[in-house]
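# Examining the three-dimensional arrangement
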Amino acid sequence: MAPSEPKMSSSPPHPPPIVIEKSTTIIPASPSATRDLFLSSLDIHWREVHYNKRILFYPSNITTTTSCHDATETLKTSLSTVLVHYYPWAGRLALDSQGRLIIDCNNAGVEFVEASLEFRMSEISQEGFPMMPLYESLSRPVDHTGDRLYTSPLLSIQVH
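One structure accompanies this document, and this report is about it. (Residues numbered from 1 in each chain as written. Predicted model: local features only at pLDDT ≥ 70, side-chain atom pairs only at ≥ 80, totals over all residues. Heavy atoms only, no water.)

## Description of the overall build of the protein chain
Assigned secondary structure in the protein chain consists of five helices and six strands. Across the protein chain, helices and strands are ordered from the amino to the carboxyl terminus as β-β-α-α-β-β-β-α-α-α-β. Across the 160 residues of the protein chain, 28% fall into the buried class. Across the protein chain, every contact between residues at least 6 apart in sequence was considered, and the portion connecting residues at least 24 apart equals 79%. (Helix = DSSP H or I, 4+ residues; strand = E, 2+ residues; numbered from the N terminus. Buried < 20%, exposed > 50% of the residue type's maximum accessible area, 1.4 Å probe, protein only. Contact = heavy atoms within 4.5 Å.)

## Remarks on the sheet that holds strand β3 (residues 92-95)
The three strands are arranged β2-β4-β3 in an open sheet whose pairing can be described as antiparallel. At either margin of the open sheet sits one strand with a lone partner, and together these are β2 (35-38) and β3. Mean inter-strand twist for the sheet, computed between neighbouring axes without regard to direction, equals 40 degrees. Summarising the sheet, β2 and strand β4 (residues 101-105) pair through four bridges and their orientation is antiparallel. Bridge pairing links Leu-37 to Ile-103 in β4. (Pairing = 2+ DSSP bridges. Axes fitted to C-alpha atoms, helices over the stretch in contact; angles between N-to-C directions.)

## Description of the environment of Pro-17
Position of Pro-17 relative to the elements: it lies in the segment before β1 (19-26). Given the relative accessible area of 48%, Pro-17 is considered partly exposed. When the C-alpha positions of Pro-17 and Leu-117 are compared, they lie 6.5 Å apart, and in sequence the two are 100 residues distant. In contact with Pro-17, other than residues within four places in its own chain, are Ser-116, Leu-117 and Glu-118.

## Observations concerning the side chain of Ser-80
With respect to the secondary-structure elements, Ser-80 resides in helix α2 (residues 68-85). Within the local environment of Ser-80, its side chain forms a polar contact with the backbone oxygen of Ile-27, the two atoms lying 2.8 Å apart. Excluding its chain neighbours within four sequence positions, the residues that come into contact with Ser-80 are Ile-26, Ile-27, Pro-28 and Ala-29. (Polar contact = N/O pair within 3.5 Å; in protein donor to acceptor, adjacent residues only side chain to side chain.)

Nothing here speaks to function; it is geometry throughout.
Shown next, in the form of structure tokens:
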């Protein structure tokens, strides 16, 4: 008996493109403390390195009674509630009167991006998970040049 031929996946060799459906700003559910938080020298170092990006994968638990839209709205509401207690994440980087880098806890909010893929993540994993191309495809580039450093959200969350 001849060995069977390996199955060829219908997915492309590279991760499919990401389509950004919607980007919104989520603010704390209730106004939080507005104050300045001074950063340590280690924190300030990260300004030059850029954001610490992470990608976490979780299986969907959307049921027939729950739509993807409902799940996304639940995440937004939960994030808004959490920001009341973790209010510095809703702030922005700023310079104080002495030129030191601080977090201005101003309730400006965090970025919440809704995106979609042309394929299911399980199909991409069958392709051997081309990690670097997948990572670069999923994590959007962040530009912190000039004044963007002070106007960009400290936290950005993207759901697929």
